[in-house]
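For reference, the chains in residue letters:
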Amino acid sequence: MIVRIWGARGSLSAPGPATVGYGGNTSCVELELADGTTVILDAGSGIRELGQRLLEREPGLVYICLTHLHLDHVEGLGFFAPLWRAGWKLQFWGPPSPTATLRQRISRYLSPPLFPIGLSEAPAEAVFEDVPREPWRVGSAVIEAQMVEHRGPTLGYRIEEEGRVFAYVPDHEPYLTAALDDRPEWISGWALAANADLLFHDSQYTDEEYQSGRFGWGHSSATHAAAFARAAGVRQLAMFHHDPMRSDRELEVLYDQVAEGVGNDQEPPLIAREGLQIALS
Amino acid sequence: MARTQPDLVLIVARSFATKLATPTLIIDARGDLIYFNAAAGDVLGRSYLDVGSLPASRWQELFQPRTIDEQPLAPEETPGGIALRERRPVHGSFAFSGLDGHEREITVTAFPLFSRPDEVVGVMSIFWELPAAP
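From a predicted model like this one, the values you see are computed outputs, not experimental measurements.

Rules of the game
In this convention, every chain numbers its residues from 1, walking through the sequence in written order. Ligands are numbered from 1 and chains lettered from A, in the order in which they are written. This being a predicted model, a pLDDT of at least 70 is required before a residue's local features are given, and a value of 80 or more before pairs of side-chain atoms are given or counted; all residues contribute to the totals for chains, interfaces and linings. Only DSSP runs of H or I with at least four residues qualify as helices, and only runs of E with at least two residues qualify as strands; both kinds are numbered from the N terminus onward. In this setup the radius of gyration rests on C-alpha atoms only. A globule is expected at 2.2 Å times the number of residues raised to 0.38. Counts of 20 or more other C-beta atoms within 10 Å of a residue's own C-beta define buried residues, counts of 12 or fewer define exposed ones, and intermediate counts define partly exposed ones; C-beta atoms are placed from the backbone. Any two residues are considered in contact once their C-beta atoms, placed from the backbone, lie within 7 Å. Only strands joined by at least two bridges in the DSSP assignment are considered to pair. Convention adopted: a line fitted to C-alpha atoms gives each axis, helices being fitted over their contacting stretch, and angles between N-to-C directions are expressed from 0 to 180 degrees. Note that Gly is not counted as nonpolar here; it falls among the polar residues with everything else outside the nonpolar set of Ala, Val, Leu, Ile, Met, Phe, Trp, Tyr, Cys and Pro and the charged set of Asp, Glu, Lys and Arg.

(A) Fine view of the overall build of chain B. Helix and strand counts for chain B come out as five helices and five strands. Taken from N to C terminus, the helices and strands of chain B fall in the order α-β-β-α-α-α-α-β-β-β. Radius of gyration (C-alpha) of chain B: 14 Å, near the 14 Å computed for a compact globule of 134 residues. For the C-alpha atoms alone, the extent of chain B along its principal axes is close to 50 × 30 × 25 Å. Every one of the 134 residues in chain B was classed for burial, and the buried ones make up 35%. A sequence separation of at least 24 residues applies to 46% of the contacts in chain B between residues at least 6 apart.

(B) Spatial organisation of the sheet that holds strand E5 (residues 89-94) of chain A. All names here are of chain A. Ordered by their spatial adjacency, seven strands build an open sheet running E6-E5-E4-E3-E2-E1-E14, and the pairing between neighbours is mixed. The outermost strands of the open sheet, each flanked by one partner alone, are strand E6 (125-130) and strand E14 (277-279). Pairs of neighbouring strands in the sheet enclose a mean axial angle of 20 degrees, with direction left out of account. Sheet topology note: the E5/E6 ladder contains six bridges and is parallel. Across the sheet, residue Gln-91 finds its bridge partner in E6, namely Val-127.

(C) Representation of the interface of chain B and chain A in the model. Tallying the contact residues gives eleven residues for chain B and 14 residues for chain A. Of the residues forming the side of chain B that touches chain A, the biggest block, five residues, is contributed by helix H1 (residues 8-19) of chain B. When its residues are assigned to classes, the side of chain B that touches chain A shows five nonpolar, three polar and three charged.

Here you go:
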């Protein structure tokens, strides 16, 4: 499995010279599975460029797993080229809702007045489904989704292929559910991340920001992300969902705090960066 | 450790209960006791740290629930048990033997915890001790 980052920013796109190093596009990660299957995690603004890249090949089936429907995770959909080309089949999965189907919820964004063209006009064959309750096979991988602590229904994903595990929990505030040194089964998201080789986790805030008014907003401080990764026995943490106000330089200062918080048996953490490609094999 | 954990609704319910000063108890979809808070520990006669999680049969044996007029009450007949079986909120009173040796009467409001419209993952019971009869 190859993990490619097309967007790692949280909350709002943040282009500009201060963020050019790690990128300003919002959440989008591509997984290239061993059998060639493409799985996309989230449809933030990073999916625009990924869509252009996909057009270089013959139309086919692409799987898109949405963690939740906050705008920074779906805002790129309207500009995802395969959606607007006949011949592509897009299988979407997302969080369940007791009140509306996934297609209905996505259509609230992809319809006037928020967007000029309705989802029903898209030429691609787009199928929208709630995530299965049990792990399911996609290509050569098995995907598992579970609800995690965030504002509104939100999923985290665990993708396992050939014995390697990638966990993706970009929007998550586990500290709200339990102290991060509590019994791990009571920590939101623990089972998804347990013993993962690589975890992309919400690291939006500094400790000072978290403690001064952002508690309960659904995101983690970077040190909480490190503590969560340690509790889950993750081999390597990648800081993800960078605050839109965070410059490249400030991200690197935050990284130093996180690096101090990882366990001795863990690899040094990473800062998720647009264009970064990680092979898990 | 097995990579299993309770549904997020139960995790959040437990987190909520830890912060409540009102006695609160949570059972899972099997009827097993999975958590009670410190205030509930005062009424039940022992803390959760001491008691831990208990299968339904075991907590019945420990607390010996019974009706106010002293008829034995099976776990599925308590407000929490009814809420779980019938998937509806229930309010009622019953008596039990506290683990500190005191006999107590409580009134309980129990409601099912739905994680999806068709899936109950447990029941939260909030209760109050009734004043002792004069």
